[in-house]
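# Analysis of the macromolecular model
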Amino acid sequence: NSTVRRLIQRDEFSTVDAHTEPAEDGVNVVLSFAHRPAYEISFGGYTTNLHSNRWISVIASARDILETGDAASIEHRFSSQWGTQLRYFTPRKNSGQWGFAINAMEEYLNPRNDQAQMGNASLLLERYNVRALYYKENGLSRMGIGGAAERTTGNGPSNDVWGPYLTFSYDTLDNILAPTSGLAFASSLWWSDLQTLVTQTTFDYYQPLGQNNWRTRFRVGLETGDSKNPAY
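This text gives an overview of the structure that appears in the document. (Residues numbered from 1 in each chain as written. Predicted model: local features only at pLDDT ≥ 70, side-chain atom pairs only at ≥ 80, totals over all residues. Heavy atoms only, no water.)

### Structural notes on the overall build of the chain
- Helix and strand counts for the chain come out as two helices and 13 strands.
- In terms of principal-axis extent, the alpha carbons of the chain reach across some 80 × 50 × 35 Å.
- Within the chain, counting contacts between residues at least 6 apart in sequence, those at least 24 apart form 35% of the total.
- Accessible surface for the chain amounts to roughly 15200 Å². Of this, 55% is attributable to carbon and sulfur atoms.
- Taken together, the 20 basic and 24 acidic charged side chains of the chain have centroids lying 4 Å from each other. (Helix = DSSP H or I, 4+ residues; strand = E, 2+ residues; numbered from the N terminus. Contact = heavy atoms within 4.5 Å. Areas by Shrake-Rupley, 256 points an atom, 1.4 Å probe, with all protein chains shown as cover. Lys, Arg positive; Asp, Glu negative; His and termini not counted. Charge placed at Lys NZ, Arg CZ, Asp CG, Glu CD.)

Given below as structure tokens:
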């Protein structure tokens, strides 16, 4: 079960299943795999009543481009605040792989701190980011280490920053799409210009209730940055 759960999280498999068959001297465990197609186009979206940033997205994916087992995708969000992301992952070798990402997006911010009190209540940013990380898997955990650089421009001050980047995740959820039990932890840390630690951390915990279909979910998150810089 642990192996199936770990493999289904990999992008190249659409389904992974395991079953047992009787054998003369015991039991055979049979794993079944279904690979994703070489090319895919998918559509998605996001909406909320908490703010006005809603979008429709188109995602194009391709696999086995430069090497067998690699994957690339490009996503564009159609919205009042546009965004585009290009990602590429090398094949997994010895539980490790390289990942590269280029992002461009528009952000409308309304900070509620000293910047707002000084009259800079609204800020329209264009954010351009590039990342390169080496990922290593170990059971249910995954760690990535590398670097990132970013440029932000808009009606506020422009910034060109770079620094080392670290990600870590740990996942024991019983189902990716509709989990009922387990926990998921994910954290990213970026040491911007070796001065500011920009972080994003989330923790999810699911617990079923009795023998029915009810379950509880506990979710908490934390972000850190630079209160003197509206971009972070």
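### What to know about the pairing of strand 4 (residues 55-63)
- Across eight bridges, the pairing between strand 3 (residues 39-46) and strand 4 is antiparallel. In the strand pairing of strand 4, Phe43 is matched with Val58. (Pairing = 2+ DSSP bridges.)

### A closer look at the side chain of Ser188
- Within the secondary structure, Ser188 is located in strand 11 (residues 182-192).
- Residue contacts for Ser188: discarding those within four places in its chain leaves Tyr165, Leu166, Thr167, Val198, Thr199 and Gln200.

### Looking at the pattern of salt bridges
- The full count for this structure, using the stated rule, is 11 salt bridges.
- Lys93 is the salt-bridge partner of Glu67, the closest N and O atoms lying 3.7 Å from each other. Taken together, the positions of Glu67 in the loop between strand 4 and strand 5 (71-78) and Lys93 in the loop between strand 6 (83-89) and strand 7 (96-109) put the pair 26 residues apart, joining distant regions of the chain.
- When the shortest N-O distance is used, the salt bridge between Arg151 and Asp160 registers 2.5 Å.
- Note on Arg151: relative accessible area 44%, which makes it partly exposed.
- What emerges from the salt-bridge pattern is a single network uniting Arg36, Glu40 and Arg63. (Salt bridge = Lys/Arg side-chain N within 4 Å of Asp/Glu carboxyl O. Buried < 20%, exposed > 50% of the residue type's maximum accessible area, 1.4 Å probe, protein only.)

### As for the nonpolar core
- Formed by Phe89, Leu123, Leu125, Leu133, Tyr135, Ala148, Val161, Tyr165, Trp190, Val198, Ala231 and Tyr232, the largest nonpolar core amounts to 12 residues.
- Broken down by secondary-structure element, the contributors of at least two residues to this core are strand 8 (123-138) and strand 10 (159-171).
- With four residues, the single largest contributor to this core is strand 8.
- When residues no more than four places from it in sequence are discounted, the contact partners of Tyr232 are Arg127, Glu150, Thr152, Val161, Trp190, Val198, Gly225, Asp226 and Ser227. (Core = buried A, V, L, I, M, F, W, Y, C linked by side-chain atoms within 4.5 Å.)

### Comments concerning the side chain of Ser187
- With respect to the helices and strands, the residue Ser187 is situated in strand 11.
- Of note is the side chain of Ser187, whose polar atom sits 2.8 Å from the side chain of Thr201.
- Beyond its immediate stretch of four places on either side in the chain, Ser187 contacts Leu166, Thr167, Phe168, Gln200 and Thr201. (Polar contact = N/O pair within 3.5 Å; in protein donor to acceptor, adjacent residues only side chain to side chain.)

### A word on the environment of Asp64
- Considering the arrangement of structural elements, one finds Asp64 in the loop between strand 4 and strand 5.
- When near neighbours in sequence (up to four residues on either side) are disregarded, Asp64 contacts Gly69 and Asp70.
- A polar contact is formed between the side chain of Asp64 and the backbone nitrogen of Gly69, at a distance of 2.7 Å.

### Quick notes on the packing of aromatic side chains
- Overall, the coordinates contain seven aromatic pairs when judged by the stated rule.
- Measuring from ring centre to ring centre gives 6.1 Å for Trp98 and Phe100, while their planes differ by 10°; the resulting arrangement is stacked.
- Classification of Trp98 as partly exposed rests on a relative accessible area of 40%.
- A relative accessible area of 37% means that Phe100 is categorised as partly exposed.
- Seen from their ring centres, Trp190 and Tyr232 are 6.0 Å apart, and the 65° between their planes marks the pair as edge-to-face. (Phe/Tyr/Trp six-rings, centres within 6.5 Å; stacked < 30°, edge-to-face > 60°.)

Shape is all these values report; function is a separate question.
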